[in-house]
Amino acid sequence: MKQMKVMVTAVMSALMGWLGVLAVPVFLLVGCNVADYITGLLAAPYRTEQVSSYKGIRGIVKKVCMWLLVLVGAWMDILINYAVECAGISITLPFMVATVVAVWLVVNEIISILENIIDIGVPLPPFLLPIVRHIKQAVEDKAQIGEDSEEKEGEDEGNE
């Protein structure tokens, strides 16, 4: 038992060391994926749609695709670091794109969990869902690139 505990601790430490800044969003995404799937199953009897194995498999496929999105973000980070290195700049950037993708996915999963809880009939504090939606919008706003972000900055400056 003690060897198992030591092995799990070593694997988790190595994983967290390798992931760095991406570790917290990745672990949160795992927890949110599981919680969303479970609350979705629990909310199913309160909805008009019937639970089916097809819908269950589709939900699992969606969760796997979320992980693929984080992986694509990590690949983008690797490419960015490679390009920076090839340009002769000696800095290493953490998993920036992958972290933003993971945080966005976590927030979406939290929204889904809250919607499942509402469908079950549990009242939510009136401020909770708006806060989560605000965080989602803030992540999306900060991640804007190109003309859309320049237009947004112009609007923000006009509002000050």
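Residues numbered from 1 in each chain as written. Predicted model: local features only at pLDDT ≥ 70, side-chain atom pairs only at ≥ 80, totals over all residues. Heavy atoms only, no water.

1. A look at the environment of K2
Point 1. Turning to its location among the elements, K2 is positioned in helix α1 (residues 2-19).
Point 2. Given a relative accessible area of 68%, K2 falls into the exposed group. (Helix = DSSP H or I, 4+ residues; strand = E, 2+ residues; numbered from the N terminus. Buried < 20%, exposed > 50% of the residue type's maximum accessible area, 1.4 Å probe, protein only.)

2. Brief notes about the pattern of salt bridges
Point 1. Tallying each qualifying case throughout the model produces five salt bridges.
Point 2. Residues D119 and R47 are paired through a salt bridge, measuring 2.6 Å at the closest nitrogen-oxygen approach. Of this pair, D119 sits in helix α4 (residues 96-120) while R47 sits in the loop between α2 (23-43) and α3 (53-86), and the two are 72 residues apart along the sequence.
Point 3. The exposure class assigned to D119 is partly exposed, which follows from its relative accessible area of 35%. (Salt bridge = Lys/Arg side-chain N within 4 Å of Asp/Glu carboxyl O.)

3. Details of the environment of I120
Point 1. Looking at the element boundaries, I120 is found in helix α4.
Point 2. Owing to a relative accessible area of 24%, I120 belongs among the partly exposed residues under this scheme.
Point 3. Put simply, I120 and N33 are 87 residues apart on the chain and 18 Å apart in space, counted from C-alpha to C-alpha.

4. Side note on the layout of surface pockets
Summary: where empty space remains is shown by rolling a probe the size of a single water molecule over the atoms.
Point 1. Taken as a whole, the largest pocket spans an internal volume of roughly 610 Å³.
Point 2. Lining the largest pocket are 22 residues, with G40, R47, K55, G59 and K62 sitting closest to its centre.
Point 3. With eight residues, α3 is the single largest residue contributor to the lining of the largest pocket.
Point 4. The calculated volume of the second largest pocket comes to roughly 190 Å³.
Point 5. Forming the boundary of the second largest pocket are M96, V97, V100, V101, W104, V139, E140, K142, A143 and I145.
Point 6. Listing elements by their share of the lining of the second largest pocket, those giving two or more residues are α4 and α5 (128-142).
Point 7. Counting residues per element, the lining of the second largest pocket draws most heavily on α4, which supplies five residues. (1 Å grid on protein atoms, 1.4 Å probe; cavity = no way out; pocket = protein on both sides within 12 Å on 5 of 7 lines; lining within 4 Å. Points joined across faces, edges and corners; volume = space filled by probe spheres on them.)

5. With respect to the side chain of E109
Point 1. Positionally, E109 belongs in helix α4.
Point 2. There is a polar contact of 2.9 Å between the side chain of E109 and the side chain of N33.
Point 3. Other than its neighbours up to four places away in sequence, E109 contacts L29, C32, N33, D36, K63 and M66. (Polar contact = N/O pair within 3.5 Å; in protein donor to acceptor, adjacent residues only side chain to side chain. Contact = heavy atoms within 4.5 Å.)

6. Digging into the nonpolar core
Point 1. Of all hydrophobic cores here, the largest spans 15 residues; its most connected members are L19, L22, L29, V70, F95, A98 and L105.
Point 2. Broken down by secondary-structure element, the contributors of at least two residues to this core are α2, α3 and α4.
Point 3. Considering each element in turn, this core owes the most residues, five residues, to α4.
Point 4. Once residues within four sequence positions are removed from consideration, L22 is found in contact with V70, F95, A98, T99 and A102.
Point 5. Counting five residues, the second largest nonpolar core, distinct from the first, contains V107, L114, L129 and V132. (Core = buried A, V, L, I, M, F, W, Y, C linked by side-chain atoms within 4.5 Å.)

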